[in-house]
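Listed below are the residues making up each chain.
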Amino acid sequence: MFENIKDWFVKFITSRAVIICCMFVCLACIMIYRLFTLQIVKGEYYLDSFKLKIKKEKTIPATRGNIYDRNGNLLAYNELANSVTIEDVYKSGKGKNKAINETINSVIDIIESDGDTVDQDFGIILNENREFEFIYTQDSSKDRFLANVYGHASIKDLKYEEKTKTAEEVIDFLCKDFGIGEEESNGLTSTFVPRKGYTDDRALKLVIVRYKMKANSYQKYIDTTIASNVSYQTMADVMENANHLDGVAIESSTARKYADSEYFSHLLGYTGKISEVELAKLQQENPDYDQNDIVGKAGIEQSMESVLQGTKGSETVYVDNTGKVIETSNYVDSIAGNDVYLSIDKDLTEACYNILEQSLAGILVKKIRNVKTYTFTETSSSSNIVIPIYDVYFSVFNNYIVDINHFAKEDAKETEKAIYQVFLSKKEESINGIVSELNEKQTPYGDLSKEYQWYIWHIYETLKSDGILDESKIDQEDATFKAWKAETISLSEFMKYAISKHWVNVSKLNLDNQYASKKEIFAQIVDGIKDKLSTDFEFESRLYKYLLLEDRISGTQVCNVLLEQEVISLDDDERGLWQRGGESAYSFMIKRIEKLDITPAQLALDPCSASIVITDVNSGDVLALVTYPGYDNNKMANSVDPVYYEKLRHDKSNPLMNFATMQKTAPGSTFKMVSATAGLMEGAITTGSTIQCTGIFTKLEDRPPTCWNRSGHGSLNVTGAIKNSCNVFFYEVGYRLGTVGNSYDSDIGLQKLGKYAGLYGLNETTGVEISESDPKISDNDSVRSAIGQGTANYTTVGLARYVTAVANSGTCYNLTLIDKTTDSNGNLLEEYSASVRNNIEMPQAYWDAIHLGMRQVVQSKTYYDNLGVNVAGKTGTAQESKSRPNHSLFVCYAPYENPDIAIATRIAYGYTSSYAAEITKDVLEYYYDLRDRDEILSGTAQTLQEGATMAD
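Cut-offs and rules
- Residues numbered from 1 in each chain as written.
- Predicted model: local features only at pLDDT ≥ 70, side-chain atom pairs only at ≥ 80, totals over all residues.
- Heavy atoms only, no water.
- Helix = DSSP H or I, 4+ residues; strand = E, 2+ residues; numbered from the N terminus.
- Buried < 20%, exposed > 50% of the residue type's maximum accessible area, 1.4 Å probe, protein only.
- Contact = heavy atoms within 4.5 Å.
- Areas by Shrake-Rupley, 256 points an atom, 1.4 Å probe, with all protein chains shown as cover.
- Lys, Arg positive; Asp, Glu negative; His and termini not counted.
- Charge placed at Lys NZ, Arg CZ, Asp CG, Glu CD.
- Pairing = 2+ DSSP bridges.
- Axes fitted to C-alpha atoms, helices over the stretch in contact; angles between N-to-C directions.
- Parallel < 35°, antiparallel > 145°, perpendicular 65-115°, else oblique.
- Left-handed = near helix turned anticlockwise from the far one by under 90°.
- Nonpolar A, V, L, I, M, F, W, Y, C, P; charged D, E, K, R; others polar.
- Polar contact = N/O pair within 3.5 Å; in protein donor to acceptor, adjacent residues only side chain to side chain.
- Expected span 1.5 Å × (residues − 1).
- Disulfide = S-S within 2.5 Å.
- Phe/Tyr/Trp six-rings, centres within 6.5 Å; stacked < 30°, edge-to-face > 60°.
- Lys NZ or Arg CZ within 6 Å of the ring centre and 35° of its normal.
- Salt bridge = Lys/Arg side-chain N within 4 Å of Asp/Glu carboxyl O.
- pLDDT = per-residue confidence, 0-100.

### A closer look at the overall build of the protein
Item 1. Counting its secondary structure elements, the protein contains 34 helices and 30 strands.
Item 2. With the principal axes as the frame, the protein shows a C-alpha extent of 145 × 75 × 70 Å.
Item 3. In the protein, which comprises 952 residues, the proportion classed as buried is 52%.
Item 4. Within the protein, contacts between residues at least 6 apart in sequence are counted, and of these 68% link residues at least 24 apart.
Item 5. Carbon and sulfur atoms provide 48% of the accessible area of the protein, an area that totals close to 43,800 Å².
Item 6. Distance between charge centres in the protein, computed from 97 positive and 135 negative side chains, equals 3 Å.

The following block contains the structure:
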């Protein structure tokens, strides 16, 4: 039988039909092999020698162009860097989220253990209270972000309930989408709990990476950056663990760097990952932009984006299933971005910044007194406001000069531990006192102590910002609301009434019963307040003020904690003196300010901010645009350092604001050249006509305005009026401008003043290539507007353009910050220059009268004696708050005979215009090399004079 089967099998396999079938099978195998070889699945998969190859079309970013000053000094450049990336190589299915999250978690552990940070370019952050918070200041940007989160192509598609989600609700939505959390079971059913098993910080970082991966998912095999500019240690550790970190790789890239960053941060701006809004806008100009691009986010980086960006290259890359590169082809190199040369002078800018810092420190030292408190009254003069040393002590805690979170750490030192213990006691006392006030005492707000007034107002503002108290529903004319605003009832009484009027959004409360009574709702509000205050960073910081005033923390302890945390360092002699008790805490702190160991920006007490703008009066070039304080834009570029950014956002000195281009104040008496021009050109005055100043302007019966010199200046012409800054003279000019026949009409006067303010460029932005606030011409009271009061508000750069036009006798420029652009090899592409906006046609005799008055202003300042260059200028003060010092302003040009430059200087809350004038004198000495520059830039507080008169 065996032989028969064998014979049958031999006959079968040698039959023609079987041979043909085998041939077809072999052919089919060959065809399948060839089909893989010929790339049949979206042009991505290959089999070569039975080894899988994946084809990737890779974009090669272009090197961003450099930024230089007018003299070729490098300001912004690129350094080679490495990034940790992840690619979605994970199989679809139930376990995909878990696998990706585990990998990202492991990578984050490596990155952070090596001292690097995860990129956090995202629309939500964890704020100082460890709460999720949107980063957006504009609703349109926030809505664009939410539209992308919820998968809408347009903002118009956002539903109301999506648009009104809190940051925490958005995070939980994304956590659920990405599987970041754990299932929770009650025995019958299970529910996914977002963030369970993760800290909020780690959950946020996972969400950020997963969100970016999802955004890239429509382009298969596009890498997502987890961390930029990482250390070699992180590179080594990631590569060492590559076998179990699927899709994770190290990619070479560049990092944007800035030289002397704090001096130029507002001017240059910084770069970062493109946002959805930026992408949509930039793609209209250049469709090659994609969502992985790094673009300019602010300043020159943003305004000159198209010049600096460059052109991308491309490359075809073949990798195996582990992501290892096997082969490359079709390489097209990128083209570097072009270089930008600015009109500004690097050395001059840095000198101005340092002069400002030294001078602000000098003003602070002059105004600090060894007292606990200072009470401002209605009869107080803003020029006489003093700074209690206890405000200085409090700033050490309140503006994060020391790390108050470190007080609770295991490695906290002796003074830190002692302060922390009294802080805990005070915190418990205060929260219990607040709860008692809300539930039992219910003291009318006006009868509370200053301390408890702060607590209760803070709670009221928090209830509004958290959406619990719905401002949109409050009837502003309601008697109970008016009583609350009048401080005659307690917050408890108001909130209980608000509940009854349905002004409280109960959906924001953790109520078990949706039909809860008013009593239950109020109890839940109080419980929520108690919980909120336990982690409220602003509340906790404020407690240190009262601990100091109660002498539970001493000035000596404040000094010691500065030393323990190494915020400041002392030489051996200074340390020995301090340790022996040979110096008071007051003296210790004054010395620290004098030596700039602690800067005005760190203290954030008035004054702590200022700006200077210098122009070339003959070209309209901006030579220096300086704002104090600055920040380190290296920590904002490439990927924002979230801890640093959070600190900047809450810094009381407001370092993120460009005070040169964004801050607006009344011009004060610096406006009087406009009024003089209007008066002369409209025939209200002549160069020879005089006006009698008796110290009061009597033509306005309602609140007649006065001159700063109450005894009067006597008879003055326009030159003398500018010299003496006579208010009554210019009140009369404003009155005459509004007079038609025998009738005075303020609106007519305002129209004429506005016309000439516009000719000086004060009715629109100046043309500089960075963000700038729109100016405001006064629209109220032509009499007071003629001395720079009214409602006028201008930026420092706006005043600089104005005084530039005064200096050159009428040429008003659209200012520029750009000198030229070149390619990466230095070949000139385009030269830039300021354009002439308009010319003010005015008789030379009028210009001479105005110029002479300005020259005499400066001649009256003794600190300008024997300067070495003749200067013409005008001082000004502007009151913004009766309880804070006035803003200090000075505009000038030099040399008087044949002007080269114009300068506008403003010190926010700088007391007297004399300070701005004296600071400008130091700038002029530096610019014209009239004094040893090491002496000018001493690195210590600069003592300033108060000024001989109040003429400003």
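On we go.
### Things to note about the pairing of strand β26 (residues 828-831)
Both faces of the sheet carry side chains from a regular strand, because those side chains alternate between them.
Item 1. Summarising the sheet, strand β25 (residues 818-822) and β26 pair through three bridges and their orientation is antiparallel. From the neighbouring strand, K820 faces β26, where its bridge partner is E831.
Item 2. Here β25 hands over to β26 after five residues, with G826 in that stretch at a positive phi of 90 degrees.

### Some words on the packing of helix α18 (residues 491-500) against helix α19 (residues 518-533)
Item 1. The geometry of α18 relative to α19 is characterised by a closest axis approach of 10 Å and an angle of 130 degrees between their N-to-C directions. Classified by the interaxial angle, the pair formed by α18 and α19 is oblique. With respect to the hand of their crossing, α18 and α19 are arranged in right-handed fashion. Side by side, α18 and α19 meet where S492, M495, K496, I499 and S500 of the first sit next to K518, I521, F522 and I525 of the second.
Item 2. Here the residues of the contact of α18 with α19 sort into five nonpolar, two polar and two charged.

### So, the side chain of N633
Item 1. Assignment of secondary structure puts N633 in the loop between β19 (622-628) and α25 (642-650).
Item 2. Among the polar contacts made by the side chain of N633, one reaches the main-chain carbonyl oxygen of G269 at a distance of 2.9 Å.
Item 3. Non-local contacts of N633, meaning those with residues more than four positions away in its chain, are made with Y258, S261, F264, S265, L268, G269 and Y270.

### A closer look at α19
Item 1. Given a rise of 1.5 Å per residue, 16 residues ought to cover 22 Å, and the 23 Å separating the end C-alpha atoms of α19 matches this to within 8%.
Item 2. Taken as a whole, α19 has its buried residues at I521, F522, Q524, I525, V526, I529, K532 and L533.
Item 3. The elements touched by buried residues of α19 are α15 (414-441), α16 (450-465), α18 and α20 (537-549).

### Let's talk about the pairing of strand β15 (residues 339-342)
Item 1. Neither face of β15 is open: one carries D339 and Y341, the other V340 and L342, and all of them are buried.
Item 2. Judged from the two bridges that link them, strand β3 (residues 67-68) and β15 form a sheet pairing that is parallel. Bridged to I67 within β15 is V340.
Item 3. Sheet analysis places β15 next to β25, joined by four bridges and oriented antiparallel. Within β25, the position partnered with L342 by the bridge is I818.

### Quick look at the state of the cysteines
Item 1. This structure, assessed with the given rule, holds zero disulfides.
Item 2. Left without a disulfide partner, C707 is nearest to the cysteine sulfur of C693, which lies 4.1 Å away.
Item 3. Here C707 falls in the buried class, since its relative accessible area comes to 1%.

### A closer look at the sheet that holds β19
Item 1. The five strands lie next to each other as β19-β18-β30-β29-β28, forming an open sheet whose pairing is antiparallel. Unpaired on one side and paired on the other, β19 and β28 (872-878) mark the two borders of the sheet. When the angles between neighbouring strand axes are averaged without regard to direction, this sheet yields 5 degrees.
Item 2. Pairing of strand β18 (residues 610-616) with strand β30 (residues 901-907), which is carried by seven bridges, proceeds in the antiparallel orientation. Looking at the pairing, V613 lines up with A904 of β30.
Item 3. Sheet strands in contact with helix α31 (residues 796-807) are β18, β19, β29 (887-894) and β30, and its direction is about 145 degrees off that of β30.

### Structural notes on unusual backbone geometry
Item 1. Residue P629 is reached from Y628 by a cis peptide bond, and omega for that bond is 5 degrees.
Item 2. The omega torsion across A894 and P895 is -15 degrees, close enough to zero to call that bond cis.
Item 3. Relative to the helices and strands, P895 resides in the loop between β29 and β30.
Item 4. The backbone phi angle of E487 is positive, close to 70 degrees, even though this residue is not glycine.
Item 5. By the secondary structure assignment, E487 is in the loop between α17 (479-485) and α18.
Item 6. You can call E487 partly exposed: its relative accessible area is 36%.

### Comments concerning the environment of R855
Item 1. Mapped onto the elements, R855 comes out in helix α32 (residues 844-859).
Item 2. The exposure class of R855 is buried, given its relative accessible area of 14%.
Item 3. Sequence separation between R855 and I722 is 133 residues, and the spatial gap between their C-alpha atoms is 9.4 Å.
Item 4. Once you skip the residues sitting within four places of it in the chain, R855 turns out to touch N870, V871, A872, G873 and Y896.
Item 5. Among the polar contacts made by the side chain of R855, one reaches the side chain of N870 at a distance of 3.0 Å.

### Some words on the packing of helix α4 (residues 139-149) against helix α6 (residues 167-178)
Item 1. Relative to each other, α4 and α6 sit at 25 degrees, their axes nearing to 11 Å. When the axes of α4 and α6 are compared, the pair comes out roughly parallel. For the pair α4 and α6, the sense of crossing is left-handed. Judged by residue contacts, F145, L146 and V149 of α4 engage V170, F173 and L174 from α6.
Item 2. Along the lines of polarity and charge, the residues of the contact of α4 with α6 split into six nonpolar, no polar and no charged.

### Observations concerning the environment of G712
Item 1. Tracing the backbone through its elements, the reader meets G712 in the loop between β20 (691-693) and β21 (714-716).
Item 2. Assessed through its relative accessible area of 14%, G712 is described here as buried.
Item 3. For the pair G712 and V728, spaced 16 residues apart in sequence, the C-alpha to C-alpha distance is 8.4 Å.
Item 4. The residues contacting G712, other than those within four sequence positions of it, are C693, T694 and G695.

### Quick notes on the packing of aromatic side chains
Item 1. Throughout the structure, instances matching the rule amount to 42 aromatic pairs.
Item 2. Taken together, the ring pairs in this structure connect Y445, W457, Y460, F481, W484, F494, Y497 and W503 into an aromatic cluster.
Item 3. A cation over an aromatic ring shows up here: K496 above the ring of F522, its NZ or CZ 4.9 Å from the ring centre.
Item 4. Taking the ring centre of Y644 as reference, the NZ or CZ of K635 above it sits at 4.8 Å.

### As for the pattern of salt bridges
Item 1. Following the criterion strictly, the structure yields 51 salt bridges and no others.
Item 2. In this structure, E451 engages K426 in a salt bridge whose closest nitrogen and oxygen atoms are separated by 2.9 Å. In this pair, E451 is assigned in helix α16 and K426 in helix α15, connecting sequence segments 25 residues apart. Per residue, the accessibility class of E451 equals that of K426, and both read buried.
Item 3. Note that R552 is salt-bridged to E429, the shortest N-O span being 3.1 Å. Here R552 is found in the loop between α20 and α21 (555-564), whereas its partner E429 is found in helix α15, with 123 residues between them in sequence.
Item 4. Residue classification places E429 among the partly exposed positions, given a relative accessible area of 41%.
Item 5. One network of salt bridges, with partners in common, ties together D109, E112, D201, R202 and K205.

### Describing helix α7 (residues 200-216)
Item 1. An ideal rise of 1.5 Å per residue puts 24 Å on 17 residues; α7 measures up with 24 Å between its terminal C-alpha atoms.
Item 2. The buried fraction of α7 is high, at 13 of 17 residues.

### Here we look at the confidence of the model for the protein
Item 1. When pLDDT is averaged along the protein, the result is 91; 93% of the residues meet or exceed 70.
Item 2. Low pLDDT (under 50) marks residues 30-45, which in the prediction has 23 contacts with non-local residues, meaning those over four places away or in another chain.

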